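Secondary and tertiary structure notes
Now for the letters of each chain:
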Amino acid sequence: MSAPTTPAPAAADLLTWSRAHLDAWDRQQSAYITRREERFAMMLDVLEQVAPADAVVLDLACGPGSVSARVLERLPGATCIAVDLDPVLLELGRQALGDHGARLRFVEADLWEASWTEALDGARPHAVLSSTALHWLPADVLTRVYRDARQVLAPQGVLMNADHLRFRGGRPLFEELSRLDDEATQARGRGEGALSWDDWWARLVAHEHFAPLAAERERRFADRPPNPDLSLAFHLEALRMAGFSEAGPIWQHLDDYVLLAQG
């Protein structure tokens, strides 16, 4: 039997750097997203109760795969399909989480296009999970994406969306408390050494492996509109219109929610 091969220094360096920068991503995101790990914990608790041991999980708008990493750690028999359009974040995920092998597949697909489900190659996930991403979709796209997710889910499958759904409609106290909470979260994160988004991003695209992908990312997102700030009520109605039998929040901290819907 031949001795195991040793990774080339460049490959080993890239793996180490990518894992460290994914860790920095988690710290940076936690500085912007109040109680981020609590959201993940709620989603994983539900997933453990409703999904089979060998669940297929769709990580929707996955970024570098933070949700997938936690699913695969919590459910050792699960597999994840991680879908996003951002070529830079997808490559970071591939490099940092590649040790999961066949249990994790990163896929490029654009949720703005109804054909995005073709990237699943016929897979019927038991759960669709998303975190702090779908709020960027305008009303018509979000409504269709929820419908698409409902159609690809396995029978009795679930969708969970952990997101920031701002208070609207004449509740100034609620809005002010949420604003102050966001400020406190960011101040705490900065005090603990978390990078800002701009600094984190600058370090990523300055790396020679990721730099060539930055221009393509800019092209893909150049014409996307700003965050539409759709309400909790809109999301719940969109889920019901998509054909989910049940939909509602299962976790809330001010204007941060985890929504659960069952097919």
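Here is what the cut-offs are and how they apply
Residues numbered from 1 in each chain as written. Predicted model: local features only at pLDDT ≥ 70, side-chain atom pairs only at ≥ 80, totals over all residues. Heavy atoms only, no water. Helix = DSSP H or I, 4+ residues; strand = E, 2+ residues; numbered from the N terminus. Rg over C-alpha atoms; globule rule 2.2 N^0.38 Å. Buried < 20%, exposed > 50% of the residue type's maximum accessible area, 1.4 Å probe, protein only. Contact = heavy atoms within 4.5 Å. Areas by Shrake-Rupley, 256 points an atom, 1.4 Å probe, with all protein chains shown as cover. pLDDT = per-residue confidence, 0-100. Phe/Tyr/Trp six-rings, centres within 6.5 Å; stacked < 30°, edge-to-face > 60°. Lys NZ or Arg CZ within 6 Å of the ring centre and 35° of its normal.

A few words on the overall build of the protein. When you go through the protein residue by residue, the secondary structure sums to nine helices and seven strands. The globule rule puts the C-alpha radius of gyration for 263 residues at 18 Å, and the 19 Å found for the protein is close to it. Each principal axis of the C-alpha atoms in the protein carries an extent, and together these give about 65 × 45 × 35 Å. Per-residue burial over the protein gives 49% buried out of 263 residues. Sequence-distant contacts, at least 24 apart, represent 75% of the contacts inside the protein between residues at least 6 apart. Of the accessible surface of the protein, which amounts to about 12700 Å², a share of 54% is contributed by carbon and sulfur atoms.

Here we come to the confidence of the model for the protein. Low-confidence regions, as indicated by low pLDDT, have predicted coordinates that should not be scrutinised in detail. In the predicted model, the protein carries a mean pLDDT of 94, and 96% of its residues have values of at least 70. Considering only residues more than four positions removed or in separate chains, one finds that residues 1–9, a stretch of pLDDT under 50, has one contact.

Another point: the packing of aromatic side chains. Counted according to the given criterion, the structure contains seven aromatic pairs. Measuring from centroid to centroid gives 6.1 Å for Trp-25 and Trp-197, while their planes differ by 70°, and the two rings are edge-to-face. Remark: Trp-197 occurs in helix α7 (residues 197–206) and Trp-25 occurs in helix α1 (residues 9–32); sequence separation between them is 172 residues. Given a relative accessible area of 9%, Trp-25 falls into the buried group. By relative accessible area, Trp-197 is classed as partly exposed at 27%. Grouping aromatic residues by their ring pairs yields a cluster made of Trp-25, Trp-197, Trp-200 and Trp-201. Over the ring of Tyr-32 we find Arg-190; its NZ or CZ atom is 4.9 Å from the centre of that ring. Taking the ring centre of Trp-201 as reference, the NZ or CZ of Arg-217 above it sits at 4.3 Å.

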